[in-house]
Amino acid sequence: MEEQIKCGPKVLNAHIVDSGQPKFCVLFLSGGDIKLGKERYYEWQKNLKSFGVSSASFDYSGVNGSGDLLEKSSLESRIEEGVCVTEWMKNQIHTELYMLYGVSMGGYIALGLTAKKPNVFKKLILHTPAAYSSKSHDVPFGEQFTEEIRKKNSWEDSLSFGWLKEYDKPTLLIEAENDEVVPTQVIEKYRAIKREDKDFKTFLLKGAPHNPWGNAPKDVRFRNEVYDTLVDFIAQVKER
């Protein structure tokens, strides 16, 4: 079901699947692609419904006509948009447990959302999560933002590391073996933060690039692996 969710003066385009069962709901957050947004999750959302799992996905501002113009948005504003969708979801999809999935830039957004809404999401999946300079957090997307994040090792003081450290609930980190976008050091730092946490798990997508959202057979295979891992994570949750 397509929905339009108010977020201040903006209206965000969302795709909602309600399983009708009050057990579990996943909020999917996309990466930084301005053309491929929430539709990347449609098949997953449809399949999850058969397991009794509800879900929501949405397009950030600047993606496929959603919200405001891209140049008026930032990492910070995307986290705020996540807050708006979370509040809508809590009011419209009543469930016992909410879970959060973020890929690439969406991993950063997801971590920021756990800080903004610390008591909502009981499980977290970070799929090749990015990290950004603290100075870039509220800089509008454009040349200044790009210049800032391209500075060598600018990600080292990313706010997202502190957010992950504060998040004390089960977390799954999905890594891509051939990730050519997110530096290996970023993933290693995320992993190190949670290394001693018994509720922290990792999964390596062998041979996978950063972006598995294409139409090639290998991309479909990688996405299926991620989906299966997601379902396993949900099953573990249900067993608790």
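Structural notes, computed from the coordinates. (Residues numbered from 1 in each chain as written. Predicted model: local features only at pLDDT ≥ 70, side-chain atom pairs only at ≥ 80, totals over all residues. Heavy atoms only, no water.)

Description of the pairing of strand β2 (residues 10–17)
The side chains of a regular strand alternate between the sheet's two faces.
Then, in step 1: Buried residues dominate β2, accounting for 7 of its 8 residues.
Then, in step 2: The pairing of strand β1 (residues 2–7) with β2 spans 6 bridges and is antiparallel. In the strand pairing of β2, glutamate 3 is matched with alanine 14.
Then, in step 3: Counting the residues between successive antiparallel strands, the hairpin from β1 to β2 contains 2 residues, one of them, glycine 8, with a positive phi of roughly 65 degrees. (Buried < 20%, exposed > 50% of the residue type's maximum accessible area, 1.4 Å probe, protein only. Helix = DSSP H or I, 4+ residues; strand = E, 2+ residues; numbered from the N terminus. Pairing = 2+ DSSP bridges.)

Describing the pattern of salt bridges
Where charged atoms from two side chains of opposite charge approach closely, those side chains can pair.
Then, in step 1: By the definition in use, this model includes 11 salt bridges.
Then, in step 2: In this structure, glutamate 81 engages lysine 10 in a salt bridge whose closest nitrogen and oxygen atoms are separated by 2.8 Å. Of this pair, glutamate 81 sits in helix α2 (residues 75–92) while lysine 10 is found in strand β2, placing the two residues 71 residues apart along the sequence. Of the two residues examined, glutamate 81 and lysine 10, each falls in the buried class.
Then, in step 3: One salt bridge connects lysine 169 with aspartate 168, and the closest N-O pair in it is separated by 3.1 Å.
Then, in step 4: Judged by relative accessible area, which is 17%, lysine 169 ranks as buried. (Salt bridge = Lys/Arg side-chain N within 4 Å of Asp/Glu carboxyl O.)

Here's the deal with the pairing of strand β6 (residues 121–127)
Then, in step 1: β6 sits mainly inside the fold: 6 of its 7 residues count as buried.
Then, in step 2: Here strand β5 (residues 97–103) runs beside β6; their pairing, made up of 6 bridges, is parallel. Pairing of glycine 102 across the sheet is with leucine 126, part of β6.
Then, in step 3: In this fold, β5 hands off to helix α3 (residues 105–116), which returns the chain to β6; that crossover is right-handed.
Then, in step 4: Here β6 pairs with strand β7 (residues 171–178) via 4 bridges, running parallel. Counterpart to isoleucine 125 in the pairing with β7 is leucine 172. (Right-handed = clockwise from strand over helix to strand, strands pointing away.)

Remarks on the side chain of threonine 229
Then, in step 1: Assignment of secondary structure puts threonine 229 in helix α7 (residues 217–239).
Then, in step 2: Of the residues examined, threonine 229 reaches a relative accessible area of 11% and is grouped as buried.

Description of the state of the cysteines
Then, in step 1: Throughout the structure, instances matching the rule amount to 1 disulfide.
Then, in step 2: Between cysteine 7 and cysteine 84 runs a disulfide, and the two sulfur atoms are separated by 2.2 Å. Across the S-S bond of cysteine 7 and cysteine 84 the torsion is about 65 degrees, and the bridge reads as right-handed. A residue pair is termed long-range when its members are at least 10 positions apart, and cysteine 7 in strand β1 and cysteine 84 in helix α2 qualify at 77 residues.
Then, in step 3: For cysteine 7, a relative accessible area of 7% translates into the label buried.
Then, in step 4: Just so you know, cysteine 25 is unpaired, no disulfide at all, and the nearest cysteine sulfur is the one on cysteine 84, 16 Å from it. (Disulfide = S-S within 2.5 Å.)

So, unusual backbone geometry
Then, in step 1: Of note in the backbone geometry, asparagine 64 takes a positive phi value of approximately 55 degrees without being a glycine.
Then, in step 2: As for its position among the elements, asparagine 64 is in the loop between β4 (53–58) and α2.
Then, in step 3: Taking the relative accessible area as the measure of exposure, asparagine 64 reaches 42% and is therefore partly exposed.

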